[in-house]
Every structure is written in structure tokens, then in C-alpha cells.
Amino acid sequence: MERDQAIAKLVSYALDKELLQPSEAIWGVNVLLEALELDGCTLPETLPPVEEGELPEILDALLDDAAERGVLTENTITYRDLLDTKLMGVLTPRPAQVIEKFQTLYQEDPQKATDWYYQFSQDTNYIRRDRIAKDVQWKASTEYGELDITINLSKPEKDPKAIAAARNLPASAYPRCLLCAENEGYAGRVNHPARQNHRVVPISINGSPWFLQYSPYVYYNEHCICFNKVHTPMKIDRACFGKLLDFVGQFPHYFVGSNADLPIVGGSILAHDHFQGGRYTFAMEKAPVETEFTFPGYTDVKAGIVKWPMSVVRLTCADPERLVDLADRILLSWRGYTDESAMVLAETDGEPHNTITPIARRRGADYELDLVLRNNLTTPEHPLGLYHPHAELHHIKKENIGLIEVMGLAVLPARLKTELAAVADKLVRGEDLRGDPLTEAHADWAEGFRGKYSLTAENALDIVYQETGLVFAKVLEHSGVYARTPAGQEAFLRFLRQV
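To start, this report covers the structure provided alongside it. Note that this is a predicted model, so its numbers are computed, not measured.

### Structural notes on the overall build of the protein
- Secondary structure assignment for the protein yields 16 helices and 15 strands.
- Taking 23 Å as the expected radius of gyration for a compact globule of 499 residues, we find that the protein reaches 25 Å, a close match to that expectation.
- Referenced to the eigenvectors of the C-alpha coordinate spread, the extents of the protein come out at roughly 75 × 60 × 45 Å.
- Of all intrachain contacts in the protein linking residues separated by at least 6 positions in sequence, the fraction that spans at least 24 positions is 64%.
- Carbon and sulfur atoms make up 50% of the accessible area of the protein, which amounts to about 21800 Å² in all.
- Charged side chains of the protein number 51 positive and 72 negative; the gap between the two group centres comes to 3 Å.

Put into C-alpha cells, the structure is as follows:
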């Protein structure tokens, strides 16, 4: 695709997606020319049509041309991302227009507002649909239901030249983190993504100013992020429960949850208070309560232990304030709770270990809170965390288990796409797994299940994927504070009785 045609097509795309109005077409051409450092172009009398899914090809044509003309510093993914985001940014409506549209639709129906905003975030290429389509996804049947497994390929890795250039940049505290509102419209740099096509929507959560946006790396449908206007650390407390329930009151078609507020069991960004939510039903939400429990003084709240590999207390009630009261009581009790016989220590040498990963949703007219008990104790045998995937599972999952994984969606590293395919291939061929760096870490695991199946070229990868799902179920069991054994469940009840 030649350059002038690509410019015409990009303007045509912006008109189709209502990023530009018809009266803005010439202006759209001119702002693109400025961004591309061009003085002019030759356009057809009628703008050409754009096929669905053609945007990446259009942008690639413009980036290739920019690279040939020396407009790109380096023709690498980091510098290409900086420029194509700039191109989309000049075509993206201003924040006030986006906010007005969202709020108008919200008055009609909250779901209409989020439907539009999610589509808009894809149309501006803030959510890069072409990259997310590369993620490998499947479901694995386990005793806890169908777990979701994804190998994350959509998040671009830094190229060596960008890493080297970033080292030479002066330290910057603007924006302070990837979540801060100051990212909206920011041009980016080699060590911070460009966000000219990013728009956030202000919302009020429990009377305080917050913002709503979507994750650029959507791991599930309508994966949204709700973040505090103020750059303030994550904190699980009474106010947090109130905010979560207020959010699902305003957006009843979404769930919302918070990562825990301690290292190892917390999220990747503990410095900025935020929640993650969206429109997706995880296996954990489908999991039933297997042991009902009534908290004294809260007979109006349905409560119990969920049949789930991690240690989950589910609370359901029509009155959200009652849930806030009881959740706060459970949290305060858990923070200070020690049961040495169950290896639950509230603190060691003054360092706190107990916290909660909370998730809120609506069940019809009722409000529901799942409280996942977390503990970040480390031991000589398990230096990365006692309630964390143990060493024998690190060939599949070594990273922290955050909110998304807690609910039953594994986000696995990109290396596994190649490694699992190599495992499947060697199993079919009957070859040694230990002599190849791609498969040696998986050898014990694969040899443990190869005898269970009649492996063929057609079914081997599906079997490896299913077994990977079973490993993820084990990862979650390791991360659960109370083992799913009679002794473990009795210890769980021991905690609940003393609340």
C-alpha cells in the first residue's frame, strides 16, 4: 500500500468509526501530514473504503514509509508504537467529547455506555485487537470447573535498542505510574508507552473522584481498570469494600475486584490504588458454596466457603452496607490471626502477612463479595512464598498470583507457546525431553502424564494444554492458605468461628 493511499484510508477509517466528523476530513489529513513530517499528499476525489481489520496494515504502510524517510529513530517495535499511537492520537476525539458521550449514554443505560466506550477504545487502537488476537487461549476441565488459560503474546517486549536508549534518559516522575490520569494524551518515550489515543472517564466511587478505562492488554471481555484520581497506595480496608460494592451498584453488569495490598500476593502496581473489572463470568463465580456458615449477628447475610482451590469466603446480601460491615470484621480478624498448627502467621519480626483479595458482583438484586484469604509468608523451603506456586510448578507458572488468576484465568508467559508445542512434538515422536533446552524444564511433568494417553500428532497439543490447565489448578491450590483436606478445611472453619 503506497503512502498517499494509506493516509486516505486512515482518514476514511476515522470517519467510519466516528472518530472524525465529515466536516473534519481535510483537517484529519493535515494533522496526519504534520505527525508524519510531510508537506503534502495527493488524495483521490473519493476516500477509499476500509475493510474490517485493515487498520494494522494501513498503519504499517505509514510506519514503513516513515522508516525509509528517516522519520523513525529506529525501525523497531518501540519506536513504531510511539509513532502509530501519535497518528491515532491526532484522530481521537478530545476528552470532553468522550466524557459527554459516555455520560449521555449512561443516563439511558450503564451497559450502553460501557458498550460504546469499549468499542471506542478498540477503534482508536488503544486496545490493539490485532495483537490480542495472537494470544493463545483455551479452557481446561478441572474439579473446580473450566479454568481459562491464556499465553500472553499481546504485550510487546522491549527491544534492545530501546532498553539501551532508556538507560540514557534522565529519571522522570511524570506520569508517576502507568495508571495515573496524566497518561491521557501523553506522547510517551522509549521507557513509557505513548497514550495520545487514550481517554479516561471520570466516575465517583463512594464520594471520591476515580476514573474508568480499559486495559490495553485485555485478558477477558471488557477488561476494565478503575483507578483513584490520587496516586495513593493500594489498601484493603473497610473503604475498599464500600468502593467495590458502589462500583457494581453503578455498573451492575460488571464484576470488580482488587488485588491484595501486600507483596507476593498483590498485583504488579501496588503504588496506585485501583481495581480491575469487566463483563466476564470466571470459573470462581460459577463455583458453588460447599460449606455454609452463619456469622453471629449477620443472619441476613448468606455466607460460606466456596468450592475453590484457594480459600474463599462468599457473602451475599441485598444490603451492601451489611456486606461492608461483615467483610470489615472478617478482614480485621484475619489481619491479626495466627494459627501455627495450620502455618498461618499474622506477622514475623513486625512484617504483616495476612490480607484479602476481594471481588464484588451482583446476583440479581443481591450484592455479593468473595473474600479470598491471602498470606505472603516465605520459608527456607519456599523462598518465593509458602502460599505461592511451589518450585515444581515454576516450569509453567512462577509469577505472582494476582486477582485475575485468583478468579480462574491463568496468564502464562509467552515462552510457553514454543515450549509446549515442542513438548507435544517430542511426546508424539517418543524423543528425549531432557536433551533440548526448550523441553528439559518440562520433562518430569510430561513424563508423568505421557502414559495416560494415546498420543498422536492430531491430539498431542490439546492434551498438553489440558495438562497445563491441571497444573494451573495445582498453582491455585498452592496459593490457597487452607489446604483442601479435612484438616485444612477444619482449620478454615476454626478461623471463621472466631471472627
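There is more to say, and it comes next.
### A word on the layout of surface pockets
- There is about 1400 Å³ of room inside the largest pocket.
- Of all the elements in the fold, those that place two or more residues in the lining of the largest pocket are α4 (77–91), β7 (274–278), α12 (403–406) and β15 (409–412).
- Among the elements that make up the lining of the largest pocket, the one with the highest residue count is α4 (five residues).
- In terms of residue class, the lining of the largest pocket is built from 20 nonpolar, 19 polar and eleven charged.
- By volume, the second largest pocket amounts to about 480 Å³.
- Along the wall of the second largest pocket there are 22 residues; nearest its centre are Glu18, Leu19, Gln21, Pro93 and Gln97.
- The set of elements that each furnish at least two residues to the lining of the second largest pocket consists of α4, α5 (95–108) and α6 (110–123).
- With five residues, the single largest contributor to the lining of the second largest pocket is α5.
- Among the residues forming the lining of the second largest pocket, the class breakdown is nine nonpolar, six polar and seven charged.

### As for helix α16 (residues 486–498)
- Taking 1.5 Å per residue, 13 residues should reach 18 Å; α16 reaches 19 Å between its end C-alpha atoms and fits that length.
- Taken together, the buried positions of α16 are Gly488, Gln489, Ala491, Phe492, Leu493, Phe495 and Leu496.
- Among the structural elements, β8 (289–292), β9 (302–306), β10 (312–317), α11 (320–335) and β14 (366–375) are those in contact with the buried residues of α16.

### Regarding the packing of aromatic side chains
- One pass over the structure, following the stated rule, counts 27 aromatic pairs.
- Measuring from centroid to centroid gives 6.5 Å for Phe102 and Tyr106, while their planes differ by 20°, and the two rings are stacked. Of the two residues, Phe102 and Tyr106 are both situated in helix α5; the distance of four residues between them amounts to about one turn of the helix.
- Judged by relative accessible area, Tyr106 falls into the partly exposed class, the value being 24%.
- Above the face of the Tyr367 ring, Arg362 is positioned so that its terminal group lies 4.0 Å from the ring centre.

### Considerations on the nonpolar core
- The biggest cluster of nonpolar side chains holds 92 residues, and the ones touching the most others in it are Leu10, Phe247, Phe295, Leu315, Ile330 and Tyr482.
- Of the residues forming this core, the biggest block, seven residues, is contributed by α11.
- Of all hydrophobic cores here, the second largest spans 51 residues; its members include Val136, Ile149, Phe472 and Val475.

### Some points on unusual backbone geometry
- Pro175 follows Tyr174 through a cis peptide bond whose omega is -20°.
- By secondary structure assignment, the location of Pro175 is in the loop between α8 (160–167) and β3 (201–205).
- Here Glu222, not a glycine, exhibits a phi torsion of approximately 55°, which is positive.
- Considering the arrangement of structural elements, one finds Glu222 in the loop between β4 (208–214) and β5 (224–228).

### What to know about the packing of α5 against α6
- At a closest axis distance of 5 Å, the pairing of α5 and α6 adopts a crossing angle of 150°. One way to sum up the angle between α5 and α6 is to call them roughly antiparallel. Listed contacts from α6 to Val98, Lys101, Phe102, Leu105, Tyr106 and Glu108 of α5 are Pro110, Lys112, Ala113, Thr114, Trp116, Tyr117 and Phe120.
- Classifying every residue of the contact of α5 with α6 by side-chain character gives nine nonpolar, one polar and three charged.

### Considering the sheet that holds strand β1 (residues 136–142)
- Judged by pairing direction, the sheet is mixed, and its three strands sit side by side in the order β1-β2-β15 without closing on themselves. Looking at which strands have only one partner, the edges of the open sheet turn out to be β1 and β15. The average angle at which neighbouring strand axes cross in this sheet is 25°, direction not considered.
- Two strands pair when backbone bridges link them, and strand β2 (residues 145–151) and β15 are joined in this way by four bridges, in the parallel orientation. Among the inter-strand pairings, Ile151 is bridged to a residue of β15, identified as Leu412.
- Contacts from helix α13 (residues 415–429) reach β1, β2 and β15, with the element oriented near 110° to β2.

Analysis parameters
- Residues numbered from 1 in each chain as written.
- Predicted model: local features only at pLDDT ≥ 70, side-chain atom pairs only at ≥ 80, totals over all residues.
- Heavy atoms only, no water.
- Helix = DSSP H or I, 4+ residues; strand = E, 2+ residues; numbered from the N terminus.
- Rg over C-alpha atoms; globule rule 2.2 N^0.38 Å.
- Contact = heavy atoms within 4.5 Å.
- Areas by Shrake-Rupley, 256 points an atom, 1.4 Å probe, with all protein chains shown as cover.
- Lys, Arg positive; Asp, Glu negative; His and termini not counted.
- Charge placed at Lys NZ, Arg CZ, Asp CG, Glu CD.
- 1 Å grid on protein atoms, 1.4 Å probe; cavity = no way out; pocket = protein on both sides within 12 Å on 5 of 7 lines; lining within 4 Å.
- Points joined across faces, edges and corners; volume = space filled by probe spheres on them.
- Nonpolar A, V, L, I, M, F, W, Y, C, P; charged D, E, K, R; others polar.
- Expected span 1.5 Å × (residues − 1).
- Buried < 20%, exposed > 50% of the residue type's maximum accessible area, 1.4 Å probe, protein only.
- Phe/Tyr/Trp six-rings, centres within 6.5 Å; stacked < 30°, edge-to-face > 60°.
- Lys NZ or Arg CZ within 6 Å of the ring centre and 35° of its normal.
- Core = buried A, V, L, I, M, F, W, Y, C linked by side-chain atoms within 4.5 Å.
- Axes fitted to C-alpha atoms, helices over the stretch in contact; angles between N-to-C directions.
- Parallel < 35°, antiparallel > 145°, perpendicular 65-115°, else oblique.
- Pairing = 2+ DSSP bridges.

None of this, on its own, says anything about what the molecule does.
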